Amino acid sequence: MCSSDLGWIFEDGVWINRKCDLKFKDTVKINDDFMKLAGYYVGDGSSNGHQSNIYLNESEGDKENEVKLLVKRMFDIECSTSKITTERVITIGGKPITDFLQSLFGKYAWKKKVPQWFMTLPKEKLIAFLEGLVASDGHIKKNNNKSKSIVTTSELLFSQIIGMILRLRKRFNTTIVEPKKNDKITSRRKSYVISFDHSFSKNDLFYLDDYILYPIEKIEKSHFNGKEIGRASCRE
């Protein structure tokens, strides 16, 4: 399904809806507000019929206010909020908006993705998207590095996030968690975890030809009993 089939046309960096007769903005600029809202939706959003939902923890009132403000800026409409157990659900009404979000980012968690043109956007827009993604479905470790992690069940989104992080020259590591089954919970799909360090404002990777160079964090002496296959020396 293409966005153009739903009335949305991309012209000069702006999405325009030619078929919409609802009272909200019919243009969507690809700015930081859009990218951060996209991150929230891709991280923990869903669409159903004529509405889209973004899920947040009950205690995340500041994020709820931010999402409502982003939607207001982007579409000039108000969101409704409901509560399901320990989650707050922010509902964005309007079938054109729902169709738009689905066509760009997918419908189900394991099929989430971003459009290919996302990967070539300026770095500041990728940062805005990743900030929304971390805020919605990520984790920030409270240590000196403030490392961030993102979890997804979409293999395609997993590879796309890695591509974004490489463009930002951030160090990262990945973990694939296989489905587990016990008496209470059955996980049907793999989970893909991407962890990366430090703030987005500082580069900490270097490139040489086709290689990524990681900075040395620590050097220690140790006893080695294996076969020597190479030798290197360094000067202080």
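Above: the structure in question.
Computed from a predicted structure; not experimentally measured.

Chemist: Break down the overall build of the chain for me, with residues and values.
Modeler: Counting secondary structure elements, the chain contains 5 helices and 13 strands. For the chain, the proportion of its 236 residues judged to be buried stands at 42%. With an accessible surface of roughly 15,000 Å², the chain has 49% of that area assigned to carbon and sulfur atoms.

Chemist: Outline the nonpolar core, listing residues and values.
Modeler: Core analysis: the largest hydrophobic core is formed by 49 residues, its most contacted members being F34, F105, F118, F129 and L130. The set of elements that each furnish at least two residues to this core consists of α1 (32-44), β5 (51-57), α2 (61-75), β7 (87-93), α3 (95-105), α4 (123-137), α5 (155-167) and β11 (191-196). Per element, the largest residue contribution to this core is 8 residues, and it comes from α4. Setting aside residues up to four positions removed in sequence, F105 forms contacts with F34, A38, Y41, V42, K111, K112, K113, V114, P115 and F118.

Chemist: Can you lay out the packing of aromatic side chains for me, pointing to particular residues and giving the numbers?
Modeler: Counted by the stated rule, this structure contains 9 aromatic pairs. With centroids separated by 6.4 Å and ring planes inclined at 45°, the aromatic side chains of F34 and F100 adopt a geometry described as tilted. Of this pair, F34 sits in helix α1 while F100 sits in helix α3, and the two are 66 residues apart along the sequence. Residues F34 and F100 agree in their burial class; the two are buried.

Chemist: Could you give an account of the pattern of salt bridges, naming the residues involved and the relevant values?
Modeler: Enumeration according to the criterion identifies 8 salt bridges in this entry. Ionic pairing is found between K72 and D76, a salt bridge with its closest N-O pair at 3.2 Å. For D76, a relative accessible area of 39% gives the class partly exposed. Of the charged contacts, one joins K72 and E78 as a salt bridge, the two residues approaching to 3.2 Å between their closest N and O atoms. Taken together, the shared-partner salt bridges in this structure form one network comprising E64, K68 and R88.

Chemist: Can you explain α3? Please cite residues and give values.
Modeler: With 10 of its 11 residues buried, α3 lies for the most part within the structure. By the burial criterion, the buried members of α3 are P96, I97, T98, D99, F100, L101, Q102, S103, L104 and F105.

Chemist: Outline the side chain of S136, listing residues and values.
Modeler: Position of S136 among the secondary structure elements: in helix α4. Among the polar contacts listed, one links the side chain of S136 to the backbone nitrogen of D44, at a separation of 3.0 Å. Contacts of S136, omitting those with residues within four sequence positions, involve G39, Y40, G43 and D44.

Reading the values: rules and limits
- Residues numbered from 1 in each chain as written.
- Predicted model: local features only at pLDDT ≥ 70, side-chain atom pairs only at ≥ 80, totals over all residues.
- Heavy atoms only, no water.
- Helix = DSSP H or I, 4+ residues; strand = E, 2+ residues; numbered from the N terminus.
- Buried < 20%, exposed > 50% of the residue type's maximum accessible area, 1.4 Å probe, protein only.
- Areas by Shrake-Rupley, 256 points an atom, 1.4 Å probe, with all protein chains shown as cover.
- Core = buried A, V, L, I, M, F, W, Y, C linked by side-chain atoms within 4.5 Å.
- Contact = heavy atoms within 4.5 Å.
- Phe/Tyr/Trp six-rings, centres within 6.5 Å; stacked < 30°, edge-to-face > 60°.
- Salt bridge = Lys/Arg side-chain N within 4 Å of Asp/Glu carboxyl O.
- Polar contact = N/O pair within 3.5 Å; in protein donor to acceptor, adjacent residues only side chain to side chain.

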